[in-house]
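Spelled out, the chains give:
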Amino acid sequence: MSIAGQFCAQGKISSIDVLGSGNVNDTFLVALSGTEPQSFVLQRLNTHVFDRPDLVMKNMLNLVEHVERKLASNPSELTGRRWEIPRVLPVRGLDEHWIEQDGQFWRSITYINSATTVEVLRDYEHAKEIGYALGMFHYLISDLPNDGLADTLENFHVTPAYLQQFDIAQTIGCSGSVTTLKRDSRLSSAMHFIESRRAGVDVLEAALCRGELKKRPIHGDPKINNVMIDNLTSQAVGLIDLDTVKPGLVHYDIGDCLRSCCNPAGEEATDISQVQFDLSLCEAILDGYLSVARGFLSERDYHYIPECIKLIPFELGLRFLTDHLNGNIYFKTKHPNQNLDRAEVQFRLMESIEAQWTSIVGLVERLRSQS
């Protein structure tokens, strides 16, 4: 309560409740009485993950300023649609936007009213709106210079770097100096899955090095529950959770969005046999995305879309398994094997993508030719 009170007038807080189900930061909805706005979001950033939270905040401030300026100069970009971006709220009475207290880092942002997020897609129209949201976000920041954003998470979404971290965790785990994990059949199978696909993990980074792809500002975590959907119109109205905004490949965002949306069983599926990649949902999302994004995608960008669809589930599964080997120090867990469970879901999703590879390549080519 004392932290929240530093972002609003004294005596106006009516309640503070946990908001969302994020795996990294702690997020709360602060409800206010007798004032406008009626609520705001309070977050405690995970400084183990974001060791320079001040740079995270500067990125967010730069991005919000850029987007608001762009929308103000040309509001017709939205063709009558609602679009909001979370704004950072200042500390009351100070020219500061965050609080550091007792080793903890706090910030507050505006709450997007009359809109919600979900964990699983409702239907194909919802899927198309998710794609539109990512396309609009990419469009609005496509002319934001990369040098205006700090790289707050070095090697974030760089799959070869995650493979190196896995190799280190695997070596330490085998020596027993950090963890005494039992090498049961599930863990052995997951590790074999990684070994059998090791050769293809540099596909996007190699294309970047060859100059076929280029870095642009990206969201970094555009999963389904970071897209706000209007309660009345069912239209996408914005992306939240902007901590991972940084220069990167748009393919990271495209692949992560499709990974989180096209598995109807969800990331926390308990019956792995239900995990599959829904190609129809993929088509709807890409259709929505390209309705906004066609103007800034190159031919080589299209070429590597199927590769990112396959790579990002593998990457996240790799990260989950590495965290499992390290003792669950990055992602929040409720039981010791939860990150292993999560890794198995992502690997099963990748297998489903591999089984439909020809169809995925054909789908992307068909959508490209419609431009």
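See the structure printed just above.
The following paragraphs examine the structure supplied in this document.

## Side note on the overall build of the chain
Then, number 1: Tallying secondary structure elements over the chain gives 11 helices and 10 strands in all.
Then, number 2: At 21 Å, the chain has a C-alpha radius of gyration in line with the 21 Å of a compact globule built from 371 residues.
Then, number 3: Taking the principal axes of its C-alpha atoms as reference, the chain extends roughly 60 × 55 × 40 Å.
Then, number 4: Expressed as a percentage of its 371 residues, the buried residues of the chain come to 51%.
Then, number 5: For the chain, the exposed area adds up to about 16,500 Å²; of that, 49% sits on carbon and sulfur atoms.
Then, number 6: When the 35 positive and 49 negative side-chain charges of the chain are each reduced to one mean point, those points stand 0 Å apart.

## Quick word on helix H2 (residues 124–141)
Then, number 1: For H2, spanning 18 residues, the distance from its first C-alpha to its last is 26 Å, which sits close to the expected 26 Å at 1.5 Å a residue.
Then, number 2: The backbone nitrogen of Glu 125 lies 3.2 Å from a side-chain oxygen of the residue at the head of H2, namely Asp 123.

## Comments concerning the side chain of Lys 246
Then, number 1: Counting through the fold element by element, Lys 246 comes out in strand E10 (residues 246–248).
Then, number 2: By relative accessible area, Lys 246 is classed as buried at 4%.
Then, number 3: A polar atom in the side chain of Lys 246 sits 2.6 Å from the side chain of Asp 151.
Then, number 4: Excluding residues within four positions of it along the chain, Lys 246 makes contact with Leu 149, Ala 150, Asp 151, Leu 153, Glu 154, Asn 155, Phe 156, Arg 216, Pro 217 and Ile 218.

## Considerations on the pairing of strand E3 (residues 39–45)
Then, number 1: Of all 7 residues in E3, 6 are buried; the element is thus mostly enclosed.
Then, number 2: As paired elements, strand E2 (residues 26–32) and E3 share 6 bridges and run antiparallel to each other. The partner of Leu 29 across the bridge, within E3, is Val 41.
Then, number 3: The antiparallel pairing of E2 with E3 creates a hairpin that spans 6 residues between the two strands, and Gly 34 there sits at a positive phi of about 65°.
Then, number 4: Bridge count between E3 and strand E5 (residues 104–110): 6 bridges; the pairing is antiparallel. Its bridge partner being in E5, Leu 45 is matched across the sheet by Phe 105.

Conventions used here
- Residues numbered from 1 in each chain as written.
- Predicted model: local features only at pLDDT ≥ 70, side-chain atom pairs only at ≥ 80, totals over all residues.
- Heavy atoms only, no water.
- Helix = DSSP H or I, 4+ residues; strand = E, 2+ residues; numbered from the N terminus.
- Rg over C-alpha atoms; globule rule 2.2 N^0.38 Å.
- Buried < 20%, exposed > 50% of the residue type's maximum accessible area, 1.4 Å probe, protein only.
- Areas by Shrake-Rupley, 256 points an atom, 1.4 Å probe, with all protein chains shown as cover.
- Lys, Arg positive; Asp, Glu negative; His and termini not counted.
- Charge placed at Lys NZ, Arg CZ, Asp CG, Glu CD.
- Expected span 1.5 Å × (residues − 1).
- Polar contact = N/O pair within 3.5 Å; in protein donor to acceptor, adjacent residues only side chain to side chain.
- Contact = heavy atoms within 4.5 Å.
- Pairing = 2+ DSSP bridges.

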